[in-house]
Amino acid sequence: MFSFEITAQSSDTSARAGVIQTSHGKVETPIFMPVGTLGSVKSISPEELIEIGAQIILGNTYHLYLRPGCDIISRFEGLHRFMHWNRSILTDSGGFQVFSLAKLAKISNDGVTFQSHIDGSKHLLSPEKVIDIQACLGTDIMMCLDQCIQYPASREQCRAALKTTTQWARRCRHSWQSLQNGQNALFGIVQGGMFTDLRRQSAEELTDLDFSGYAVGGLSVGEPVEVMLEMADFTLPQLPQIKPRYIMGVGTPENLIELVALGADMFDCVLPTRNARNGQMFIDHGTINISNSRYKDDTDPLDPECGCYTCRNYSRAYLRHLYLAKELLAYRLNTIHNIHFYINFIKRLRKAILVDAFEAFRQDFYHKRKK
Ligand SMILES: [Zn+2]
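Residues numbered from 1 in each chain as written. Predicted model: local features only at pLDDT ≥ 70, side-chain atom pairs only at ≥ 80, totals over all residues. Heavy atoms only, no water.

Caption draft 1: Quick peek at the layout of surface pockets. Volume-wise, the largest pocket comes out at about 1000 Å³. When residues of the lining of the largest pocket are traced back to their parent elements, those giving at least two are β5 (56-60), α5 (95-100) and α11 (271-277). (1 Å grid on protein atoms, 1.4 Å probe; cavity = no way out; pocket = protein on both sides within 12 Å on 5 of 7 lines; lining within 4 Å. Points joined across faces, edges and corners; volume = space filled by probe spheres on them. Helix = DSSP H or I, 4+ residues; strand = E, 2+ residues; numbered from the N terminus.)

Here it is in structure tokens:
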């Protein structure tokens, strides 16, 4: 059921527009995937996501495996029905959370053992188990288990993690193939730290395994933005041009536009949802901190040019009041706007690629930011 077609290619950058087809519909790339860690995009409903125009969301394998667990989700034949979301879902493999959130993560021949951050219980995630869990979740795009490392990391640490990541990718692919249901795609994840030769090696080894798509992991982990872009610029051309290319966990609107220029197709990031809950709102000209006293009697919408539900109906003064009073509605209205901004921003960017006007769009974007 999974396919990817490139429909337009920018003539002066590597930006491209395409369409991914999954068993739950079309995903137009470049695409931004809102993060639904625990089976919900925090504070908004699937209906609101659909109204905003979300085509695919991301779920977290590590979190859903620990709570509520596969035995419960399998009663609903997967995450789609459990959370009442009919469009595409991508799940990460849990690798990132095991190495960043869980306690005492320890690598063995089988996989990685760790203690749950919730109750301290002991678990083993192996490449095979990660595929089983994602099959139980019924996700449209699965990710391979990878070994994530902290930044900065030595060359030796990066080399060792890369070796493990390739071995796990091979086992994930084998396990995925034996599912034989043809419903889900499987993406490999490029690691290699901030070393170009290791990134190249990782990309080559994964390309040989022939995945449905490829992700670049281990970016935006604390390195300077220039280094992140340099690594993406180096790694993206090493991956097959005809496959979707996903930069994991990045980033700001500036990051997104630069990464699209380098040929990236898919993104996810907690920035729009997390910052909405902290009162930071994204607009074309930059960001607005809604708690600022200058908005206390401001009758204008957050962004007069935005067509989202929040901006159509509410003023800055009201949003500021809700936020300062810690009213629950503040989280919902702020999140609706920020997710709308990200999805609409990528949509406008895609439109520009389709008429080969990406560079003009990029210049206009930075021009507005400078104002
Ligand atoms: Zn809005």
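Structure's up, so let's keep going.
Caption draft 2: Local environment of the sheet that holds strand β1 (residues 3-9). Strand order in the open sheet made by the three strands is β1-β2-β3, with antiparallel pairing throughout. Of all the strands in the sheet, just β1 and β3 (25-29) have a single pairing partner and so form its edges. Across the sheet, the mean angle from the axis of one strand to that of its neighbour is 20°, orientation sign disregarded. In the sheet, β1 pairs with strand β2 (residues 16-22) via six bridges, with the strands oriented antiparallel. Note on β2: the bridge partner recorded for Ser 3 is Gln 21. (Pairing = 2+ DSSP bridges. Axes fitted to C-alpha atoms, helices over the stretch in contact; angles between N-to-C directions.)

Caption draft 3: Looking closely at helix α13 (residues 316-324). Taken as a whole, α13 has its buried residues at Arg 316, Ala 317, Leu 319, Arg 320 and Leu 322. The positive-phi residue at the C-terminal boundary of α13 is Lys 326, with phi of around 55°. (Buried < 20%, exposed > 50% of the residue type's maximum accessible area, 1.4 Å probe, protein only.)

Caption draft 4: View of the nonpolar core. In this structure, Ile 247 and Phe 267 are the most contacted members of the largest nonpolar core, which totals 87 residues. Per-element tally for this core: the top contributor is helix α14 (residues 328-354), with twelve residues. Leaving out residues up to four positions away in the same chain, Phe 267 has contacts with Ile 31, Phe 32, Met 33, Tyr 246, Ile 247, Val 250, Leu 256, Leu 259, Val 260 and Ile 346. Membership of the second largest hydrophobic core comes to 18 residues, among which are Phe 4, Ile 31, Ala 185 and Met 266. (Core = buried A, V, L, I, M, F, W, Y, C linked by side-chain atoms within 4.5 Å. Contact = heavy atoms within 4.5 Å.)

Don't take any of this as a statement about function, it's just geometry.
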